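The lines below spell out each chain.
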Amino acid sequence: MKPGSGTTLAAKPAGSGTTYETLLVTTEDDITTIKLNRPAKKNAITTEMYNDIIAALEQAAKDDSVITVITGAGDFYCSGNDLSNFTKIPEGGVDEMAKQGGDLLRKYVKAYIDFPKPLVAVVNGPAVGISVTVLGLFDLVYATDRATFHTPFSQLGQSAEGCSSYTFPKIMGSAKASEMLLFNKKLTAAQACGLGLVTEVFPDSSFQSEVWSRLKAYAKLPPNLIRSMEKDRLHAVNNAEVERLMERWTSDECFNAVMSFFQAKAKL
Ligand code: COA
C-alpha cells in the first residue's frame, strides 16, 4: 500500500513505534510520512498537534529514512492554527496565553529550520495559515490541482510566521508576497506553482500515484543535502515574527476575529 492512501498495511511505525493522537506516522520505502490526522477539523493544528509534529520531526530526523513527507488526511491539507487554541486562556490571562503560544510557535518553526533531511510537502487539498507559511522551508512542494494557498492573517488581526516574511519575498518577489501575507490573497495551485512556492501541480485523479512513485525513486538516490547557510538568518526571522505575533494575539482585532469565527459557526 502506498503511503498517503490512508492505509498503513505494509508500512511500519516510524522510529521506536511512537504513536500520536493527532498524526499517522509511518516509514516505508525509505520515506517517513507524517500525516496530519484530524480530517473532521480539516487538520487544524491544536497545541497538542504542534507538539506531536515537533516530536515526529525529531524522530524522523533520527530514523533511517532518506526523505520526510508531510501530508494531510481527508480533503484538506491543513486549515492552519486551530482557532480554539485562542479560547483556552490560562491562569495568567491573555498575556500568558500569548507567551505560551509564542514559545510553542518558535519551537515549531525551529523544528523545520533545523530539519536535517529533505522535507517534502504533499499538499493533498487546500492549505491555510501556518501550513502555507512554512512551505518556504520545505525542499519540495507537490500539490494537487484542488489545493489552494491562503494566509488570511490581517483578516484575523494577526501577522505572518513560519519565516514567510523572509522566504516568500525571496521566492516570489515582494509585491506578490505582500498580496498574500498582507492582503490575504488566496492562490490556486497553478498560481502558487507559477510563483515558485509549489514545485509541481498534478491532476487530483493521479496525484497520489504520481507523487509517491516519484518520491520512492528520489529516496533511492544517495543523500547529498547540505542544509542552508541561512539558518542563523531564519532563526532571527522566526524570533522576530514570534515577537510581533505575541503582540498581535493580545490585540482586540485578533480577539474579535476569533470570536466571529466561532459565532458564525454557532449561528449555522
Ligand atoms: N480552527 C478551528 N476549527 C477549524 C479550523 C480552524 N483553523 N478550520 C476548520 N475548523 C473546523 C470547523 O469549525 C468545523 O468544525 P465543526 O464541524 O465542529 O463545526 C470543521 O473544522 C469543518 O470545517 P468547516 O468550516 O465546516 O469546513 P468548510 O469546508 O466549510 O471550510 C475552512 C473550511 C478551513 C475554509 C474554514 O473552516 C475556515 O475558514 N477555517 C478557519 C481557517 C483559519 O482562519 N485558520 C487560521 C489561519 S491563520
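Sequence order as written defines residue numbering, which begins from 1 separately in each chain. Thresholds applied to this predicted model are a pLDDT of at least 70 for local features of residues and 80 or more for the giving and counting of side-chain atom pairs; totals over whole chains, interfaces and linings are not thresholded and use all residues. Note: side-chain values were computed over all heavy atoms of the structure, leaving out hydrogens and water.

- You'll find the protein entered in an unreviewed UniProt entry as Enoyl-CoA delta isomerase 2, with Sander lucioperca given as the organism.
- UniProt positions are given in the numbering used here, feature names are shortened, and annotations may be inferred rather than shown by experiment. Quoted verbatim from the Subcellular location (unreviewed entry) field of UniProt, the annotation for the protein is "Peroxisome".

### A few points about the overall build of the protein
Right, on to step 1. In this text, helices come from DSSP runs of H or I with a minimum length of four residues, and strands from runs of E with a minimum of two, each type numbered from the N-terminal end. The secondary structure content of the protein amounts to nine helices and ten strands.
Right, on to step 2. When we talk radius of gyration, it's over C-alpha atoms, and the globule rule is simply 2.2 Å times the number of residues to the 0.38. For 268 residues, the compact-globule estimate of 2.2 N^0.38 gives 18 Å, and the C-alpha radius of gyration of the protein, at 18 Å, lies within 12% of that figure.
Right, on to step 3. Taking the principal axes of the C-alpha coordinates as reference, the protein spans close to 50 × 40 × 40 Å.
Right, on to step 4. Only protein chains enter the accessibility calculation, which uses a 1.4 Å probe. A residue is then buried if its area is under 20% of the maximum for its type, exposed if over 50%, and partly exposed in between. In the protein, buried positions account for 50% of the 268 residues.
Right, on to step 5. Here the analysis covers contacts within the protein between residues at least 6 apart in sequence; of these, 74% occur between residues at least 24 apart.
Right, on to step 6. Element-wise, carbon and sulfur atoms account for 55% of the exposed surface of the protein, whose accessible area totals about 12,300 Å². Note on definitions: a residue-residue contact is assigned when non-hydrogen atoms from the two residues lie within 4.5 Å. Per-residue accessibility takes into account occlusion by the displayed protein chains alone, with areas from the Shrake-Rupley method and a 1.4 Å probe.

### Focus on the pattern of salt bridges
Right, on to step 1. We define a salt bridge as a contact between a side-chain nitrogen of Lys or Arg and a carboxyl oxygen of Asp or Glu at a distance within 4 Å. A complete count under the given rule lists 16 salt bridges for this structure.
Right, on to step 2. With its nearest N and O atoms 3.4 Å apart, the salt bridge here joins Asp-204 to Arg-146. Taken together, the residues span a long stretch of sequence, with Asp-204 in the loop between β10 (200-202) and α7 (207-218) and Arg-146 in the loop between β7 (140-144) and β8 (148-150) at a distance of 58 residues.
Right, on to step 3. Its relative accessible area of 35% is what places Asp-204 among the partly exposed residues.
Right, on to step 4. The exposure class of Arg-146 is partly exposed, given its relative accessible area of 36%.
Right, on to step 5. In this structure, the salt-bridge partner of Arg-248 is Glu-253, at a minimum N-O distance of 3.5 Å.
Right, on to step 6. It is possible to trace a salt-bridge network through shared partners that takes in Lys-99, Asp-103, Arg-106 and Glu-243.

### Quick word on the sheet that holds strand β6 (residues 127-128)
Right, on to step 1. Between any two strands, pairing holds if DSSP finds at least two bridges. As summarised here, the arrangement of the three strands in space is β6-β8-β9, forming an open sheet in which the pairing is mixed. Every other strand in the sheet has two partners, leaving β6 and β9 (187-188) as the edge strands with one partner each.
Right, on to step 2. Across two bridges, the pairing between β8 and β9 is antiparallel. Paired with Phe-149 across the bridge in β9 is Leu-187.

### Considering the site of the ligand
Right, on to step 1. The environment of the ligand is made up of 15 residues, and the closest members are Lys-41, Ser-79, Asn-81, Leu-83 and Lys-265.
Right, on to step 2. Taking Lys-41, its side chain carries an N or O atom lying 2.6 Å from an oxygen atom of the ligand.
Right, on to step 3. Each polar contact in these results corresponds to two N or O atoms within 3.5 Å; when the atoms are within protein, one needs to be able to donate a hydrogen and the other to accept it, and residues that are neighboring in sequence are counted only if both atoms are side-chain atoms. Between a nitrogen atom of the ligand and a main-chain N or O atom of Asn-81, the distance comes to 3.0 Å.
Right, on to step 4. Cavities and pockets were defined on a 1 Å grid built from protein atoms only: a cavity is a group of points that admits a 1.4 Å probe but offers it no way out, a pocket is an open group of points flanked by protein on both sides within 12 Å along at least five of seven lines, and a lining residue is one with an atom within 4 Å of any such point. Whether a molecule sits in a cavity or pocket is decided by its atoms, more than half of which must lie within 2 Å of the grid points. Because more than half of its atoms lie within 2 Å of the grid, the ligand is assigned to the largest pocket. The nearness test applies per residue and asks whether one of its heavy atoms lies within 4 Å of the molecule or strand.

### Overview of the packing of helix α4 (residues 164-172) against helix α8 (residues 231-249)
Right, on to step 1. Throughout, an axis means a line fitted to C-alpha atoms (over the contacting stretch in the case of helices), and angles, computed between N-to-C directions, take values from 0 to 180 degrees. Interhelical geometry of α4 versus α8 gives an angle of 120° and a closest axis separation of 9 Å. As far as their axial angle goes, α8 and α4 are oblique. Between α4 and α8, the residues in contact are Ser-164, Ser-165, Tyr-166 and Thr-167 and Arg-233, Leu-234, Val-237 and Glu-241, respectively.
Right, on to step 2. Nonpolar residues are Ala, Val, Leu, Ile, Met, Phe, Trp, Tyr, Cys and Pro. Charged residues are Asp, Glu, Lys and Arg, and all others, Gly as well, are polar. Its residues assigned to classes, the contact of α4 with α8 shows three nonpolar, three polar and two charged. Angles below 35 degrees are treated as roughly parallel, those above 145 as roughly antiparallel, those between 65 and 115 as roughly perpendicular, and all remaining angles as oblique.

### Brief notes about the pairing of β7
Right, on to step 1. Among the five residues in β7, five count as buried, and that is most of the element.
Right, on to step 2. In this structure, strand β5 (residues 119-123) lies alongside β7, joined through four bridges in parallel fashion. By the bridge assignment for β7, Val-122 is matched with Tyr-142.
Right, on to step 3. In the sheet, β7 pairs with β10 via three bridges, with the strands oriented parallel. Bridging from a neighbouring strand, Thr-144 pairs with Phe-202 of β10.

### Side note on the packing of helix α2 (residues 93-113) against α8
Right, on to step 1. Across the interface, α2 lies against α8 with an axial gap of 9 Å and an inter-helix angle of 160°. As summarised for this structure, α2 and α8 are arranged roughly antiparallel, according to the angle between their axes. The hand of the α2/α8 crossing is right-handed. Residue-level inspection shows Val-94, Met-97, Ala-98, Lys-99, Gly-101, Gly-102, Leu-105, Arg-106, Val-109, Lys-110 and Ile-113 of α2 in contact with α8, the latter providing Lys-231, Leu-234, His-235, Asn-238, Asn-239, Val-242, Glu-243, Leu-245, Met-246 and Trp-249.
Right, on to step 2. Per-class residue counts for the contact of α2 with α8 are eleven nonpolar, five polar and five charged. Take the far helix as your reference; a near helix turned counterclockwise from it by less than a right angle gives a left-handed crossing, and one turned clockwise gives a right-handed crossing.

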